[in-house]
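In case you want the letters, here they are:
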Amino acid sequence: MGTPEVIPSEGAGTFSFKREMLAVLPSLRAFAVSLARRHDKADDLVQETVMKAWGKQESFQPGTSMRAWLFTILRNEFYSQMRRKGRELPDPDGVFAGSLATHPEQYGKLDLADFKTALNSLPDDQREAIVLIGASGFSYEEAAEIAGVAVGTIKSRVNRARVKLQELLTIEGEGDYGPDETSRPLVNKAFPGR
């Protein structure tokens, strides 16, 4: 009878691949949804990313950004799948997207729906750049590394995306945010001092 194998416990300062990877999953899924545009496909993409990362964990360098590493794997997997499946089915009239939407109950939901429509109408490279910088919180340098392009290219894509979003959402200034003219008096009455 042999001696049982003793697995060392992790100390507070010890790197844990699993713990680091799990911490990134919520933002990884959000990025996947922005690329795949469907929650079920995004979940499959995240699962494939986690499986690949787990299988290649020896290639991860502790001390570097787990987040950037996983986002890069996810992005590469997404574009590999796109190449395998051919071109994505266009939905220019929003018929398919509209069938997935529910009727908004509040102004915020309407604004969010308008934003999603505008975001989805951006070219893929601009949408990816604005999501990496604006929603995922990566620096321009990190986003450029994830996308495999120069920092100037990411900056240009983000700028073009912001300009296009402002144009699509007809945003001209700060007055375009928040309640519209009809609901503003009610909001101001309910919340004095606004």
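Residues numbered from 1 in each chain as written. Predicted model: local features only at pLDDT ≥ 70, side-chain atom pairs only at ≥ 80, totals over all residues. Heavy atoms only, no water.

Draft legend 1. Main features of the overall build of the chain. Counting its regular elements, the chain contains nine helices and zero strands. From first element to last, N terminus to C terminus, the chain shows the α and β order α-α-α-α-α-α-α-α-α. Expressed as a percentage of its 194 residues, the buried residues of the chain come to 27%. For the chain, the proportion of contacts with a sequence separation of at least 24, taken over those separated by at least 6, is 62%. (Helix = DSSP H or I, 4+ residues; strand = E, 2+ residues; numbered from the N terminus. Buried < 20%, exposed > 50% of the residue type's maximum accessible area, 1.4 Å probe, protein only. Contact = heavy atoms within 4.5 Å.)

Draft legend 2. Structural context of the nonpolar core. Judged by nonpolar contacts, the single largest core of 39 residues is most densely connected at Met66, Trp69, Leu70, Phe71, Leu74 and Ile154. If you list the elements that add at least two residues to this core, you get α1 (17–36), α2 (39–55), α3 (66–85), α5 (107–121), α6 (124–135), α7 (140–147) and α8 (151–168). Sorting elements by how many residues they give to this core places α3 first, with nine residues. In this structure Phe71 touches Val24, Ser27, Leu28, Phe31, Leu132, Ser136, Phe138 and Ile146, once residues within four positions along its chain are discounted. (Core = buried A, V, L, I, M, F, W, Y, C linked by side-chain atoms within 4.5 Å.)

Draft legend 3. Structural context of the packing of aromatic side chains. With the rule as written, the count across this model stands at seven aromatic pairs. When the ring of Phe71 is compared with that of Phe138, the centres are 4.6 Å apart and the planes differ by 75°; the resulting orientation is edge-to-face. Of the two residues, Phe71 is situated in helix α3 and Phe138 in the loop between α6 and α7; the sequence distance between them amounts to 67 residues. One aromatic cluster in this structure is built from Phe17, Trp54, Phe60 and Trp69. (Phe/Tyr/Trp six-rings, centres within 6.5 Å; stacked < 30°, edge-to-face > 60°.)

Draft legend 4. Molecular detail of the pattern of salt bridges. Counted according to the given criterion, the structure contains eight salt bridges. Its salt-bridge partner being Asp43, residue Arg29 comes within 2.5 Å of it at the nearest N-O pair. Taken as a pair, Arg29 in helix α1 and Asp43 in helix α2 lie far apart in primary sequence, 14 residues in all. In this structure Arg29 comes out as partly exposed when scored by relative accessible area, which is 31%. The exposure class of Asp43 is partly exposed, given its relative accessible area of 35%. Across the salt bridge formed by Arg127 and Asp124, the nearest N and O atoms sit 2.9 Å from each other. Here Arg127 pairs with Asp124, and both are found in helix α6, just three residues apart, close to one helical turn. Look at the salt bridges and you will find they share partners, linking Arg37, Asp124 and Arg127 into a network. (Salt bridge = Lys/Arg side-chain N within 4 Å of Asp/Glu carboxyl O.)

Draft legend 5. Highlighting α3. Between its first and last C-alpha atoms α3 spans 28 Å; for 20 residues at 1.5 Å apiece the expected length is 28 Å, and the two agree. Looking at the packing, one finds that the buried side of α3 touches α1, α2, α6 and α7. (Expected span 1.5 Å × (residues − 1).)

Function-wise, these values are silent; they only describe arrangement.
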